[in-house]
Each structure stands twice: as structure tokens, then as C-alpha cells.
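Analysis of the macromolecular model
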Amino acid sequence: MEYSELIAARYSVRAYRPDPVEDEKLKTVLEAARLAPTAANRQPIQLIVMRTAGREEEIKKIYRRSWFVQAPLVIAVCTISSQAWVRESDKFNARLIDAAIVADHLILEATNLGLGTCWIAAFNAEAARSVLQLPDEVEPVVFTPLGYPADQPGLKIRKSLTDLVRYEHW
Ligand SMILES: Cc1cc2nc3c(=O)[nH]c(=O)nc-3n(C[C@H](O)[C@H](O)[C@H](O)COP(=O)(O)O)c2cc1C
């Protein structure tokens, strides 16, 4: 898909078909995540791929929407704070930016392959830690189902460029 087309085609998919995601497509999506840039190339990221089949009730504890477990796969993007780049001047830690870029790479490649995704940040962090058996230093940042869409994109409601962009100064 041409890049501008891809950007326009991605939407938050909130209904999925049960059809399996081909291993090759999963690999391509994970490879896109792997190639994402991270601050100082620290790569403080871990991805956890969960197969939903037979684990629906358990995985739903992370995010209580039926569509969350409709897709055959759910992917968690996690960070390890101590591995991330920290800006010296004010100690700003780049882990969440890194995680967001990795998630976006993954999500856009999924769109390119005809797969659906949905950024999910409103998950239950405690349940996520428990279901994923995360060690203390690992922080879950975003989840997405990965599967074939069973819904249609709605209208993209966005600020106009006039409302979004300033030139030269505030
Ligand atoms: C950081 C982030 C967190 C989000 N968390 C959720 C979420 O927890 N649940 C959900 O249904 N959608 C979530 N979304 C999806 C947004 O609601 C959606 O991207 C936005 O409304 C624009 O719609 P679109 O993705 O279809 O273009 C999240 C999106 C982002 C970028």
C-alpha cells in the first residue's frame, strides 16, 4: 500500500473475525516493530504475543471488552525503564516514546497486510502484570489485538491543519 493510503486506511478495529493470522504475516508485523527507532538505539522494549484461543476469560481481565479477545492474537508492548535512554539535562526517560514508535510501526505494518489493530492504553495494569507474569522492572505500555477486521472504518475526525499547526512561534 502506498504510504499516504496506509496512513488513511488505519483505524481502530473494534470487531474481529476469528480467522487465524498467518505466521508469515505475524513475522512481518514483528519485524516492523523490530526496525523501529528508539532513543540512542537502546531498544528497551519487549513484545509479548498472546494467543487468545482458550484464554479469552483470562486475557479479558486485562481489558474488559468482548472484542479485545475476538482476534486470534493480542500483542503487548512493554518497556524496561532502566534500559531506556535518559536525557541528561532533566532526567527525562524516553521509554514511552520508544514504546509508542514500536507500537505504531507494528500497527501500520499490520494495516499494510490487511490486518486490524487497536491501540489500547485503558487496560487494567495490575491484571496485565499478573496475566503476563511480568517481572517488576517490566512495564506494559500498550496492547493491541491482531486479526482480520469484522467492522468498517468510520469517519476520521481530526483537527484541521489550521488548528493543529503553528509556524515560527506559538
Ligand atoms: C495512546 C492511545 C491509547 C488508546 N487507548 C484506547 C483504549 O484503551 N481503548 C480503545 O478502544 N481505543 C483506544 N485508543 C484508540 C483511539 O480512541 C483512536 O485511535 C482515536 O479515537 C482515533 O480513531 P482511529 O484510530 O479509528 O483513527 C487509543 C489510541 C491511542 C493513540
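It should be noted that the structure appears before, not after, this text.
Residues numbered from 1 in each chain as written. Predicted model: local features only at pLDDT ≥ 70, side-chain atom pairs only at ≥ 80, totals over all residues.

As a further point, take the site of the ligand. Around the ligand sit Tyr 11, Ser 12, Cys 118, Trp 119, Ile 120, Ala 121, Ala 122 and Lys 156, and that is every residue in its neighbourhood. By residue class, the composition of the shell around the ligand is 6 nonpolar, 1 polar and 1 charged. (Near = placed C-beta within 6 Å. Nonpolar A, V, L, I, M, F, W, Y, C, P; charged D, E, K, R; others polar.)

Residue Asn 41 is not a glycine yet carries a positive backbone phi of 55°. Following the sequence through the fold, Asn 41 ends up in the loop between helix H2 (23–34) and strand S1 (45–51). By the C-beta count within 10 Å, which is 8 here, Asn 41 ends up exposed. At Gln 43, a residue that is not glycine, the phi angle is positive and equals roughly 50°. When you line up the elements, Gln 43 lands in the loop between H2 and S1. (Helix = DSSP H or I, 4+ residues; strand = E, 2+ residues; numbered from the N terminus. Buried ≥ 20, exposed ≤ 12 C-beta atoms within 10 Å, placed from the backbone.)

Here we take up the sheet that holds strand S2 (residues 73–80). Neighbouring strands of a sheet are bound in pairs by backbone hydrogen bonds; such pairs are parallel or else antiparallel. With antiparallel pairing, the 3 strands of this open sheet are ordered in space as S1-S2-S3. Of all strands in the sheet, those with a lone pairing partner are S1 and strand S3 (138–146), marking the two edges. Along the sheet, successive strands turn relative to each other by an average axial angle of 20°, direction set aside. As paired elements, S2 and S3 share 8 bridges and run antiparallel to each other. Following the sheet pairing, Ile 75 is matched in S3 by Thr 144. (Pairing = 2+ DSSP bridges. Axes fitted to C-alpha atoms, helices over the stretch in contact; angles between N-to-C directions.)

Considering the arrangement of structural elements, one finds Leu 73 in strand S2. As for Leu 73 and Thr 117, which are separated by 44 residues in sequence, their C-alpha atoms are 10.0 Å apart. Sequence-distant contacts of Leu 73, defined by excluding residues within four places in its chain, comprise Val 21, Leu 26, Val 49, Met 50, Arg 51, Thr 52, Pro 145, Leu 146 and Gly 147. (Contact = placed C-beta atoms within 7 Å.)

Mapping Lys 61 onto the fold places it in the loop between helix H3 (56–60) and S2. It is 7.6 Å that separates the C-alpha atoms of Lys 61 and Ala 128, two residues lying 67 residues apart in sequence. Here Lys 61 is in contact with Asn 124, Ala 127 and Val 131, once residues within four sequence places are set aside.

Another aspect to go through is the nonpolar core. The tendency in soluble globular proteins is for nonpolar side chains to be buried side by side. Formed by 32 residues in total, the largest nonpolar core has its most connected members in Val 74, Ile 75, Val 77 and Leu 106. Looking at this core, the elements that each hand over two or more residues are H2, S1, S2, helix H4 (95–112), helix H5 (125–132) and S3. Not counting residues within four places of it along the chain, the set of residues in contact with Ile 75 comprises Leu 47, Val 49, Leu 106, Phe 143, Thr 144 and Leu 146. (Core = buried A, V, L, I, M, F, W, Y, C linked by C-beta atoms within 7 Å.)

Limitation: the analysis is restricted to geometry and does not speak to function.
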